[in-house]
Amino acid sequence: MTARTWVENIGRLTVEGVTEMGLGAALLAESLYWLAAGPSQKQPVRVTAVLQQAMEIGIKALPITAVLSVAIGVMVSIQGIHTLKIFGAESQVTLGVALSVTREFAPLITGILVAGRSGSALAARLATMKINEEISALTVMGVSPVRYLVAPALVAMMIVLPLLTWFSDCIGLAGAGLYISADLGMQFGAYADELRNVLAVDDVMHGIGKSVLFAMLITIVGVVNGSIVTGGAEGVGRVTTRSVVHAIAAIVITDMIFAFIVTR
Amino acid sequence: MSDPLAIEVKGLRVEYGGRAVLRNVNLQVRAGEVMVIMGGSGSGKSTFLRHLLGLEKPAAGEIRILGDDITQMSWAQMLELRKKMGVAFQSGALLGSLTVGENILLPLREHTRLDESTMRIMMRLKLDVVNLPGCEDLMPSQLSGGMIKRASLARAIIMDPKLLFLDEPSSGLDPVVAAAIDELILKLNEAGMSMVVVTHMLESAFKIADRIAVLGDGEVLVSGTIDEVRASKDERVQALLNRREKHEELPPEEYLKRLTTRPEART
């Protein structure tokens, strides 16, 4: 590869990236427009569509969220006890577990899970619809595809992901409590009391707040990737994979920026 | 006095990446007529249709649909016009997550305030028109190619549009089903709908068309009645009508030059 080709590729990728970010911002703005102005134009965002999406994103993800949350809770407890043992302070593990799970692990793991499960499904669905001319069909019927497809997914994601994160907090801390009780011989009730003392509402809201941002990112990344599909089934597969990678990268980077701004 | 125009296209130019796909296309569709757009693969038929439907903006030109220039219209203005238009896509484009009945009901649900039972009666009526009675609870994946085209047609006519666009309505179907679709198109035309039908099926075109426009090399090669098109002296039109591939005769030196020169250097 010559230096010129290399520079050209970087330039092209930069332009594509900026274009996609612009498309994402435009889709977000249009979704918010339809949510606000849709009812007055007799084109409301359908509640049934939001509920349908919420069911898909949230209720069906509960079992796998529970399993991963318990695993994370136990894992953080093991590492916490192991580290604190060095200082003979393993009884202080509850503080570390409580803050780690609520501020970081629950929102992060739930976000990654939903990005892989629902963000990719959204991208695949929209890409398939575009290739089958279903998006064009909606447009010529006078139905805004953003109002009909994107806005319900966005609303559902922004409601359900914080709830899933809160669910993950509860299950993760319960899993951690069971392990800590067993390992340190502490009563589960004593663990719960200590949790109440060390955990502030702010800590839980820190994680919930992040999950709202993650919800927006997952939806927009899925929609942008779904809408730029080209080619047939191969194209759908490509944008689906791309959507998962982009959403997870966006979540982790946003998490770091959020932590930097809010925690320091 | 001549019939009012359902569609008037003036000086339409469409470019993709600086390359002109359509150049100075002019066309008129009279109210109540069936205009068939024909042309070989890559002639710009589908691109032309997408512009007529307002799905894409042209580089230049005017597209008047029922009197309004859609190249200058906002989404809200287009919405009112779209309620008077019906479209059946080549693939059917039924929403895969909805049943056939829900697909047909979608425009009614979005644009009218009719009660559910009235809408359902209208949906069943249209299913009867396209000869798909009792199929409302089936999913699109359970339908054959011909049934998908019919269901798509039922959705296109559910709002009783003034103007109907059909993209390759009988392609990929066996001759019996294709003939039935043609009969259906004629029946709908008798009810007063103006139609634009894009097709490459000669038999179908000659059966349903009041007038035909042949697209080729990004322009309208000829437009007129079936006899006028048949009488065209343009060899590209004759090649299409006689199903002959157009062979370009090049002197050997020119052919060698084409093989050995990069595409952008040729012009």
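Keep in mind that this is a model prediction, so the values were computed, not measured.

Draft legend 1. Up close: the overall build of chain B. On a plain count of helices and strands, chain B comes out with eleven helices and ten strands. Taken over the C-alpha trace, chain B has a radius of gyration of 20 Å; the compact-globule value for 267 residues is 18 Å, and the two agree within 12%. Each principal axis of the C-alpha distribution contributes one length, and for chain B these read about 70 × 45 × 40 Å. Here chain B holds 267 residues, and 38% of them are scored as buried. Restricting the contact set of chain B to residue pairs at least 6 apart, pairs at least 24 apart contribute 64%.

Draft legend 2. Focus on the overall build of chain A. Secondary structure assignment for chain A yields nine helices and zero strands. Summarising its shape, the C-alpha atoms of chain A cover approximately 65 × 55 × 35 Å along the three principal directions. With 264 residues in all, chain A has 44% of them scored as buried. Partitioning the contacts of chain A with sequence separation of at least 6, the portion at a separation of at least 24 is 85%.

Draft legend 3. Quick peek at the interface of chain A and chain B. Each partner contributes residues to the interface: chain A has ten residues there, and chain B has 15 residues. Grouping the amino acids of the side of chain A that touches chain B by side-chain chemistry returns four nonpolar, four polar and two charged.

Draft legend 4. Examining the packing of helix α3 (residues 100–111) of chain B against helix α5 (residues 145–156) of chain B more closely. Residue and element names in this part refer to chain B. Look at α3 against α5: their axes get within 8 Å of each other, and the N-to-C directions meet at 25°. It follows that α3 is roughly parallel to α5 by the angle criterion. α3 and α5 meet at a crossing whose hand is right-handed. For the pair formed by α3 and α5, the contact residues are V100, N103 and I104 on the first element and A151, A154 and R155 on the second.

Draft legend 5. Expanded view of the sheet that holds strand β4 (residues 60–65) of chain B. Residues and elements named next belong to chain B. Strand order in the open sheet formed by four strands is β2-β1-β4-β5, and the pairing between neighbours is antiparallel. The outermost strands of the open sheet, each flanked by one partner alone, are β2 (19–30) and β5 (68–69). Pairing geometry for strand β1 (residues 5–16) and β4, over five bridges, is antiparallel. From the neighbouring strand, E8 faces β4, where its bridge partner is R64.

Draft legend 6. Seen up close, the environment of L27 of chain B. All names here are of chain B. By the secondary structure assignment, L27 is in strand β2. Residue L27 is classed as buried on the basis of its 20 C-beta neighbours within 10 Å. Aside from chain neighbours lying at most four places away, what touches L27 is V9, A213, V220 and S223.

Draft legend 7. View of the confidence of the model for chain B. Overall, the prediction assigns chain B a mean pLDDT of 89, with 94% of residues at 70 or greater. Overall fold confidence for the complex sits at a pTM of 0.84, while the interface term, ipTM, reaches 0.84.

Draft legend 8. A look at the environment of G134 of chain B. Residue position: G134 of chain B is located in the loop between α4 (116–129) and α5. When the C-alpha positions of G134 of chain B and R124 of chain B are compared, they lie 7.7 Å apart, and in sequence the two are ten residues distant.

Draft legend 9. Representation of the pairing of β4 of chain B in the model. Residues and elements named next belong to chain B. Bridge count between β4 and β5: two bridges; the pairing is antiparallel. The residue of β5 that forms the bridge with R64 is D69. What sits between the antiparallel neighbours β4 and β5 is a turn of two residues, in which L66 has the positive phi angle 50°.

Draft legend 10. Region of interest: the sheet that holds strand β10 (residues 219–224) of chain B. Residue and element names in this part refer to chain B. Strand order in the open sheet formed by six strands is β6-β7-β8-β3-β9-β10, and the pairing between neighbours is mixed. The open sheet has two edge strands, β6 (85–88) and β10, and neither has a second partner. Averaged over all pairs of adjacent strands, the angle between strand axes in this sheet comes to 15°, irrespective of strand direction. Relative to strand β8 (residues 194–198), strand β7 (residues 163–167) runs parallel, the two sharing five bridges.

Criteria and cut-off values
Residues numbered from 1 in each chain as written. Chains lettered and ligands numbered in written order. Predicted model: local features only at pLDDT ≥ 70, side-chain atom pairs only at ≥ 80, totals over all residues. Helix = DSSP H or I, 4+ residues; strand = E, 2+ residues; numbered from the N terminus. Rg over C-alpha atoms; globule rule 2.2 N^0.38 Å. Buried ≥ 20, exposed ≤ 12 C-beta atoms within 10 Å, placed from the backbone. Contact = placed C-beta atoms within 7 Å. Nonpolar A, V, L, I, M, F, W, Y, C, P; charged D, E, K, R; others polar. Axes fitted to C-alpha atoms, helices over the stretch in contact; angles between N-to-C directions. Parallel < 35°, antiparallel > 145°, perpendicular 65-115°, else oblique. Left-handed = near helix turned anticlockwise from the far one by under 90°. Pairing = 2+ DSSP bridges. pLDDT = per-residue confidence, 0-100.

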